[in-house]
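Residue-level listing of the chains:
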Amino acid sequence: MSIGLEHYIILSAVLFAIGLYGALSKRNAIVILMSIEIMLNAVNIAMVAFSRYIVPALLTGHIFAIFIIVVAAAEATVGLAIIIGIYRNRETIDASQINLMKW
Amino acid sequence: MVLTIAFWALAIVGVLSALGVVLLGNVFRASLSLILCFIAIAGIYITLHADFLAAAQILVYVGAISILILLAIMLTRDVQHGSPSNKLRLPAFIVAILFVGTVTFAVLNTRWQVSSVPPQEPTTSAIAGLLFSVEGFILPVEIAPILLLAAIIGAIVLVREK
C-alpha cells in the first residue's frame, strides 16, 4: 500500500495529540514549552502534506510552514526568557507554583 | 517503495521520540528526545519533496531552538525535580485520544481531491519567487523581521540583570 495524504495527516494528528497531552499535563514549564514545539511541528507536517497532495504546483503550504517556523523561533526565545526570569525571582519553574497572577 | 519504507521508519521514530518527550522523567533526556523528533520530522519533509523546508528545519529547530532549550534547562538547575505530571493527567489523556479519534474519523471519511501533478523537485527557487515577488508574500516577509527583532529585544529585557 502506497503512502498517501491520509498517512501524513494521521501522523500529524498523533504528534499533535502527544504535544497536547504534554502541554496540558506537565508541571515543568520547559517541558510544556517543548510540547508546544511538537504541536507546531505537527501542524507544519499537515501544511506540507496538503501542499504536496492537493496543490503541488503552488507551494503555498511551504510558505505557511516557513512563517510558522519564524513565529515558533520567536515564541521559544521569549518563552525561555520568561522562564529564566521567573526562575531568577522565585527559584522554581513548576507551573503549578507560579500562581502570582492566579485569582 | 523506498518512500514507503522511509515514511514508516521516520514516522515510528518521530512518534516514539515525541512520546519520550512527554513520558521520560529526566528533563535533559526529554530534550535530547525532542532533538531526535525534530530530525525525524525533517526526514518526513524530505519524503514530501520539501527539500528547502527540511534544511530550514535542521537549521532552525535542531541547530538553534534545541540549543536554546538545553541552555534554559542548564540555567534553571531544576533538573533534579524531573518532569512531574499535574492532576489533569487523565483528562489530558482523554482529550488527546478524542482528538486523534476525531481527526482520523474525519480524514478517512473525506474524499480528498488529490492532484496527480508531479511535485516540483528543487523547491528553493520556486519558494524564493513566491516570497519575494509583489504578487506573492512580500508583506509577511517584511513583517517577520520586525517580529524577530521584537522577540530578541524582549528576551534581552526579560533576562537582563537589574
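Structure: see above.
Residues numbered from 1 in each chain as written. Chains lettered and ligands numbered in written order. Predicted model: local features only at pLDDT ≥ 70, side-chain atom pairs only at ≥ 80, totals over all residues.

### Notes on the interface of chain A and chain B
Line of reasoning, step 1. Across the contact, 59 residues belong to chain A and 73 residues belong to chain B.
Line of reasoning, step 2. Going through the elements one at a time, α1 (5-25), α2 (29-53) and α3 (60-90) of chain A are the ones with two or more residues in the side of chain A that touches chain B.
Line of reasoning, step 3. Broken down by element, the side of chain A that touches chain B gets its largest block of residues, 19 residues, from α3(A).
Line of reasoning, step 4. When grouped by side-chain class, the residues that make up the side of chain A that touches chain B number 43 nonpolar, eleven polar and five charged. (Contact = placed C-beta atoms within 7 Å. Helix = DSSP H or I, 4+ residues; strand = E, 2+ residues; numbered from the N terminus. Nonpolar A, V, L, I, M, F, W, Y, C, P; charged D, E, K, R; others polar.)

### A word on helix α1 (residues 2-23) of chain B
Line of reasoning, step 1. With 22 residues, α1(B) should cover 32 Å at 1.5 Å per step; its first-to-last C-alpha distance of 31 Å lies within 8% of that length.
Line of reasoning, step 2. Looking at α1(B), one finds that the buried residues are B:L10, B:A11, B:G14, B:S17, B:A18, B:V21 and B:V22. Taken end-on, α1(B) shows its buried residues confined to a sector of 145°, consistent with a single buried face. Turned more than 90 degrees away from the buried face of α1(B), the exposed residues are B:I5 and B:I12.
Line of reasoning, step 3. Elements that come into contact with the buried residues of α1(B) comprise α1 and α2 of chain A together with α2 (27-47) of chain B. (Expected span 1.5 Å × (residues − 1). Buried ≥ 20, exposed ≤ 12 C-beta atoms within 10 Å, placed from the backbone. Arc of directions from axis to C-beta.)

### A short note on the environment of B:A144
Line of reasoning, step 1. Inspection of the secondary structure puts B:A144 in helix α6 (residues 138-159).
Line of reasoning, step 2. Separated by ten residues in the primary sequence, B:A144 and B:G154 have C-alpha atoms spaced 15 Å apart.
Line of reasoning, step 3. Not counting chain neighbours up to four residues away, the residues in contact with B:A144 comprise A:F67 and A:V70.

Scope: geometric values only; no functional claims are made or implied.
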